[in-house]
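# Structural features, examined
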Amino acid sequence: MHTKTLTEISRGLQAGDYSSQELTESYLKRIKQHTALNSFITVTEDLAIAQAKQADAMLAAGNAPVLTGVPIAHKDIFCTQGIKTSCGSKMLDNFIAPYNATVIEKFNQAGAISLGKLNMDEFAMGSSNETSFYGTVHNPWAENTVAGGSSGGSAAAVAARLISGATGTDTGGSIRQPAALCGITGLKPTYGRVSRFGMIAYASSLDQGGTMTQTAADSALMLQTMAGFDTKDSTSAEQDVPDYSANLNNSLQGLKIGLPKEFFDDSLNAEMATAIETAINEYKKMGAEIIEVSMPNLKLAIPAYYVIAPAECSANLSRMDGVRFGHRCDNPEDLNDLYIRSRGEGFGTEVKRRILVGTYALSAGYYDAYYIKAQKIRRLISNDFTEALKTVDVIMGPVTPTPAFGIGEKTKDPIEMYLADIYTIAVNLAGLPAMSVPAGFIDNKPIGLQIIGNYFDEAKLLNVAHQYQQVTDWHQQTPQGFE
Amino acid sequence: MQWETVIGLEIHAQLATNTKIFSGASTAYGAEPNTQACAVDLGLPGVLPVLNQEVVRMAVKFGMAIEAEVADTSVFARKNYFYPDLPKGYQISQMDHPIVGLGHLDIEVAGETKRVGVTRAHLEEDAGKSLHENFADSTGIDLNRAGTPLLEIVSEPDMRSAKEAVAYMRKIHELVQYLDICDGNMQEGSFRCDVNISLRPQGQTEYGTRAELKNINSFKFVEKAIYGEVERQKEILEAGGSIVQETRLYDADKDETRSMRSKEEANDYRYFPDPDLLPVYISPELRAAVKADLPELPDTKKQRFIQDYHLDNETAYKLASSKELANYFETVVKQSNCEAKLCSNWVTVELLGALNKSNLSIQESPIAAPRFAELLKRIADETISGKIAKQVFEFMWNSADSADDIIEKQGLKQITDSGAIEAIIDKIIADNPAQVEQYLSGKDKVFGFFVGQTMKQSQGKANPAEVNKILKAKLKR
């Protein structure tokens, strides 16, 4: 049953081909068989079975929503009432949220089954899942390589078919990059499309929840449930949610695809360039028109991001102070000792690094030179995209510079690690929606094609991705040992 | 050397909303610790602030009342510092783009009117409270107050004396209550003040180095703290020293200030725009609605009282200082049909005197305005004299009876029947021949003796005008 896509599973459940309980039990069994991947932080077996029984009753009664009984799992960044929400950190290893994130609430109402909470880089800071307090996630395609990050647990679990779909979050590429490295379909929606309430903040102006699935059609179903305005999140958009599945089969004849020349310069790995070109050729065959665009400020995305995101995180993570929840050091001598040791012990190296960078960037005398300048660059990058998207429908390029790298390969050099997100980060700065779609293999390791669209144009992106998946089978490949 | 004192005030007025500025939790005072703090107030991971639109309306109202520029767009910023009663590790405030810009208001000190500039007013959330008592070796945290909306009102350094500073503080205190945006309760901390003080040689244009006195919550303490601080700075300067820029704490029990932290130790708050909140946009519709809703303000009211009721400036200022007091006065004028002057005297002298003695506000007056108007009506129609009216007032204060019932029951009705008064006077003249002799021989002062005797014999009920008239006739020289 695990080979089925989320869409197929939903159809089977609605048709009564199998029960949600059967399905849930079978997935739980797979999760147990593949603990070596380390994709889960928490498996909520009893709760999943209870939810499945309820879903079966809903299905039997008829008129059940499309995700009823479908087993998925959530990145451990979404607060779940009564269940540990660790955010991949020792700091929150003991944190049990007294409320559900809006996204969780919506999936619960839609009758989806949650099998548990997925591993991630600590507080979503990382590109390899190596910063997690719960250990590195292994890429199911090659055991000694990373699954990517920060939503590495989500990507690995979907790729290994331990779940039919997962939630993820993307601040600088954290959905798209692991999706690409694990050969699955990832969608980061427009900033504001999905509520951030209950999604533990890393960089509030960049964070966005999204989907990680086998196919674009699956993604459409999940996004349908997740998207929408939320009164609890002032930055969520008061925009109607279209039917994301309605336009999947639209023809791509005349589609204008922009290729930023900055993505395809000499610095792009030759094998990656070939793979992306091959993918673009499929689109040409479908009648798309290829147009070169230029976005001169893209090269500034990484430095701008590594000022803005750390600045925001330095404040966002201040609430982890050992006073009201989370890790508290033993026998604090006084208030300062309580702060210093609780935070010193609770946070990992990468989190500390970003807090320090952000604190520095916001300090008196540096604020204008760093934070304000980074915000100006951010605006320039947004403008580049806006200009380009006036002439094209979507922009395409690679998701990552290379396929999955080795575990431990880049942990010594943070800059090297940051460059893993060079093609994804600009999209977050602009707040645009983007997808990663499986587009082939390099050295038997999957790679992704990135599709970037205009604001709130997720339906178009899904259509463009779905059409590609009608003529290719990269997304149907299953890693060895997980068939 | 002659020193000039320069004072600026930062006032924190708690906005009188039912719920907090960024959450739905109640703002009611005095609940059990941590019973009015929701997940947002506790700063749990994942929660987000949502702006209470009521605070925006209130801030706009204040801005309009001080004729300030109300910003089309204002921005919330994070003020970062660690403290156990600050749950998020930052306070949501406004920095570069406050909701209310430059405005002003007029104060009166010793009969002189002075205009004080208001630099800005911005919205922010309050922190919780640390409870140091009742916990051995540890500190309790009560987050009920965390997230309570505050309007921080920052003045220009325009005040030159403690008296001016207090007058300004009182004026703001009156104004926010007039506008129904703050309950003004200083004991509960709804209205508190930081004072910036510096000295400079008379005639110098640059400001001296200032010290900031934190969190003073009474007019009296503000005045005393300023006197003390001015003396402290003067001593240092005259001894050739220089003032350290620092934050000082006023200890009301010892009536002295002590240093909290110097400029070097001051926090770098690392302000930056809060990415969880959108900029606040003030629509023309909101502006129009708030403007339409604006009550008559104290200054306008005072002018009207002077014009319509011919009150003197001081009385008009006093009566217009509180909306409730002004309403009380106007109700009394209308319902008693008495001269406004008489009404204002009775309200400001007798009523306010009694209220002050019992430490009651005008709203808590045991005598409501309509009942008070009945009393004045009886003075006007000469049923009772002013002196008797004070007795009636006493009875009214301690009972719910009407003025008429008291006059009737106590037999306090004025004797206006000239026959009855004449009889009393005749007897007094007959009984006091010596005094008659003195008066007739030119000692005018003795006339008062006869008036006094007559009032005494009539138990104060004789109409004084009538008594005068008859006595004059009977003792004709």
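Residues numbered from 1 in each chain as written. Chains lettered and ligands numbered in written order. Predicted model: local features only at pLDDT ≥ 70, side-chain atom pairs only at ≥ 80, totals over all residues.

### Section: the overall build of chain B
Here is the rule we go by: Where helices and strands are cited, they refer to DSSP runs of H or I of at least four residues and of E of at least two residues respectively, numbered from the N terminus. This radius of gyration counts C-alpha atoms alone. The globule rule is 2.2 Å times how many residues there are, raised to the power 0.38. Working definition of burial: number of other C-beta atoms within 10 Å of the residue's own, with buried at 20 or more, exposed at 12 or fewer, and partly exposed in between, all C-beta atoms being placed from the backbone. Remark: residues whose backbone-derived C-beta atoms lie within 7 Å of one another are considered to be in contact.
Along chain B, the regular secondary structure elements total 16 helices and 15 strands. Computed over C-alpha atoms, the radius of gyration of chain B comes to 30 Å, more than 25% over the 23 Å expected from 2.2 N^0.38 for 477 residues, which places it beyond the range of a compact globule. With the C-alpha coordinates of chain B rotated into their principal frame, the extents come out at 95 × 55 × 55 Å. Across the 477 residues of chain B, 40% fall into the buried class. The contacts in chain B between residues at least 6 apart in sequence include a share of 68% that link residues at least 24 apart.

### Brief notes about the overall build of chain A
Along the backbone of chain A there are 15 helices and 11 strands. Whereas a compact globule of 483 residues would reach a radius of gyration of roughly 23 Å, chain A reaches 21 Å, a difference of no more than 12%. Each principal axis of the C-alpha atoms in chain A carries an extent, and together these give about 65 × 55 × 45 Å. The buried share of chain A, taken over its 483 residues, is 61%. Across chain A, every contact between residues at least 6 apart in sequence was considered, and the portion connecting residues at least 24 apart equals 76%.

### Brief notes about the nonpolar core
Filter applied, for reference: A set of buried Ala, Val, Leu, Ile, Met, Phe, Trp, Tyr and Cys residues, joined through C-beta atoms within 7 Å, is what we mean by a nonpolar core.
If you look at the biggest cluster of nonpolar residues, it comprises 222 residues, and the most contacted ones within it are Ala-155, Ala-157 and Ile-451 of chain A together with Ala-59, Phe-62, Ala-165 and Val-195 of chain B. The element best represented in this core is helix 3 (residues 162–178) of chain B, accounting for 10 residues. Beyond its immediate stretch of four places on either side in the chain, Ala-155 of chain A contacts Ala-147, Gly-148, Pro-178, Ala-179, Leu-181, Cys-182, Ile-184 and Met-212 of chain A. Residues Ala-316, Ala-320, Val-332 and Ile-379 of chain B belong to the second largest nonpolar core, which totals 34 residues.

### Focus: the interface of chain B and chain A
For clarity, the threshold we go by: Gly is placed with the polar residues, together with every amino acid not listed as nonpolar (Ala, Val, Leu, Ile, Met, Phe, Trp, Tyr, Cys and Pro) or charged (Asp, Glu, Lys and Arg).
In this assembly, 25 residues from chain B lie in contact with 36 residues from chain A. Looking at the side of chain B that touches chain A, the elements that each hand over two or more residues are helix 1 (39–42) and strand 3 (76–80) of chain B. Here the side of chain B that touches chain A is built from residues that sort into 16 nonpolar, four polar and five charged.

### Let's talk about the pairing of strand 3 of chain B
Residues and elements named next belong to chain B. Under the convention used in this document: The rule for pairing is simple: two strands pair if DSSP sees at least two bridges between them.
The element strand 3 is largely enclosed, with a buried count of five among its five residues. Across the two faces of strand 3 the burial is the same, with Phe-76, Arg-78 and Asn-80 and Ala-77 and Lys-79 all buried. The pairing of strand 3 with strand 4 (residues 90–94) spans five bridges and is classified as antiparallel. Residue pairing across strands places Lys-79 opposite Gln-91, the latter belonging to strand 4. By the bridge criterion, two bridges tie strand 3 to strand 14 (residues 272–273) in an arrangement that is antiparallel. Each residue of the ladder has a partner; that of Ala-77, found in strand 14, is Pro-273.

### As for the packing of helix 6 (residues 298–309) of chain B against helix 7 (residues 313–320) of chain B
Residues and elements named next belong to chain B. Note the following rule: Whenever a helix is involved, its axis is fitted only over the stretch in contact; in every case the axis is a line through C-alpha atoms, and angles between N-to-C directions fall within 0 to 180 degrees. Under this scheme an angle from 65 to 115 degrees is roughly perpendicular, one under 35 degrees roughly parallel, and one over 145 degrees roughly antiparallel; angles in between are oblique. Each crossing is labelled by how the near helix is turned from the far one, with a counterclockwise turn of less than a right angle marking it left-handed and a clockwise turn marking it right-handed.
Taken N-terminus to C-terminus, the directions of helix 6 and helix 7 make an angle of 135°; their axes are 8 Å apart at the nearest point. Here helix 7 runs oblique to helix 6, going by the angle between their axes. Considering the relative orientation of helix 6 and helix 7, their crossing is right-handed. The residues of helix 7 that touch helix 6, namely those facing Pro-298, Lys-301, Lys-302, Phe-305 and Ile-306, are Asn-313, Ala-316, Tyr-317, Leu-319 and Ala-320. Tallied by class, the residues present in the contact of helix 6 with helix 7 amount to seven nonpolar, one polar and two charged.

### A look at helix 3 of chain B
Residues and elements named next belong to chain B. Defined as follows: A helix is expected to span 1.5 Å for every residue after the first.
Across its 17 residues, helix 3 extends 24 Å between first and last C-alpha, which sits within 8% of the 24 Å expected from 1.5 Å per residue. With 13 of 17 residues buried, helix 3 lies mostly within the body of the structure. Residue Asp-180 follows helix 3 closely and has a positive phi angle near 60°.

### What to know about the domain arrangement of chain B
Residues and elements named next belong to chain B. Formally: The domain limits used here are those given by an automatic or database domain assignment.
We note that the domain assignment places domain 1 (3–289), domain 2 (296–410) and domain 3 (418–474) within chain B. Between the C-alpha centres of domain 1 and domain 2 there is a distance of 36 Å. The interface of domain 1 with domain 2 comprises seven residues on the first partner and seven residues on the second. Of all the secondary-structure elements, those providing two or more residues to the side of domain 1 that touches domain 2 are strand 5 (103–109) and helix 3. By residue class, the composition of the side of domain 1 that touches domain 2 is three nonpolar, one polar and three charged.

### With respect to the sheet that holds strand 13 (residues 256–262) of chain B
Strand pairing in a sheet is mediated by backbone hydrogen bonds. Such pairs are either parallel or antiparallel. Residue and element names in this part refer to chain B. Strand order in the open sheet formed by eight strands is 5-6-9-1-10-11-12-13, with mixed pairing between adjacent strands. What marks the edges here is a single partner per strand, and that holds for strand 5 and strand 13. Direction aside, the axes of adjacent strands within the sheet are offset by 30° on average. Pairing analysis gives 11 bridges linking strand 1 (residues 3–14) to strand 10 (residues 191–201), with the strands arranged antiparallel. When the sheet's bridge partners are listed, His-12 is paired in strand 10 with Arg-192. Of the strands in this sheet, strand 1, strand 10, strand 11 (211–216), strand 12 (246–251) and strand 13 are in contact with helix 4 (residues 219–238), which crosses strand 10 at around 25°.

### Considerations on unusual backbone geometry
All names here are of chain A. Residue Ser-150 is reached from Gly-149 by a cis peptide bond, and omega for that bond is 10°. Relative to the helices and strands, Ser-150 is located in the loop between strand 3 (113–118) and helix 5 (152–159). Although it is not a glycine, Ala-124 adopts a positive phi angle of roughly 70°. Mapped onto the elements, Ala-124 comes out in the loop between strand 3 and helix 5.

### What about the pairing of strand 4 (residues 165–169) of chain A?
Residues and elements named next belong to chain A. Within strand 4, five of the five residues are buried, which leaves the element mostly enclosed by the surrounding structure. Burial along strand 4 is two-sided: Gly-165, Thr-167 and Thr-169 facing one way and Ala-166 and Gly-168 facing the other are all buried. Examined bridge by bridge, strand 4 and strand 6 (residues 209–213) share five bridges and lie antiparallel to one another. Following the sheet pairing, Gly-168 is matched in strand 6 by Gly-210.

### Topic: helix 7 of chain B
Those residues of helix 7 of chain B lying buried are Thr-315, Ala-316, Lys-318, Leu-319 and Ala-320 of chain B. In this fold, the buried residues of helix 7 of chain B make contact with helix 6, helix 8 (323–336) and helix 9 (340–357) of chain B.

### Concerning the sheet that holds strand 14 of chain B
What the three strands build is an open sheet, ordered 4-3-14 (chain B); its pairing is antiparallel. Every other strand in the sheet has two partners, leaving strand 4 and strand 14 of chain B as the edge strands with one partner each.

### Points about the environment of Asn-108 of chain A
Residue and element names in this part refer to chain A. Within the element layout of this structure, Asn-108 appears in helix 4 (residues 102–109). Residue class for Asn-108 comes out partly exposed when judged on the 16 C-beta atoms lying within 10 Å of it. Through-space distance from the C-alpha of Asn-108 to that of Thr-225 is 9.9 Å; in sequence the pair is 117 residues apart.

### Overview of the packing of helix 9 of chain B against helix 10 (residues 369–380) of chain B
All names here are of chain B. Look at helix 9 against helix 10: their axes get within 11 Å of each other, and the N-to-C directions meet at 125°. One way to sum up the angle between helix 9 and helix 10 is to call them oblique. Handedness of the crossing formed by helix 9 with helix 10: right-handed. Across the interface between the two elements, Leu-342, Cys-343, Trp-346 and Leu-351 of helix 9 pack against Phe-372, Leu-376 and Ile-379 of helix 10. Grouping the constituent residues of the contact of helix 9 with helix 10 by class yields seven nonpolar, no polar and no charged.

### A word on the environment of Phe-219 of chain B
Residues and elements named next belong to chain B. Along the polypeptide, Phe-219 turns up in helix 4. Judged by the 16 C-beta atoms lying within 10 Å of it, Phe-219 is partly exposed. Setting aside its immediate chain neighbours within four residues, Phe-219 contacts Val-166, Met-169 and Arg-170.

### Here we look at the confidence of the model for chain B
Close reading of the predicted structure is inappropriate where its pLDDT is low. The following threshold applies: Residue-level confidence of the predictor is what pLDDT reports, using numbers from 0 through 100.
Averaged over all residues, the pLDDT of chain B is 92; the fraction at 70 or higher stands at 100%. Across the interface, the model reports ipTM at 0.96; the global pTM reads 0.91.

### A few points about the environment of Ser-86 of chain A
Here Ser-86 of chain A lies in the loop between strand 2 (71–75) and helix 4. Sequence spacing of Ser-86 of chain A and Glu-122 of chain A is 36 residues, and the spatial spacing of their C-alpha atoms is 8.6 Å.

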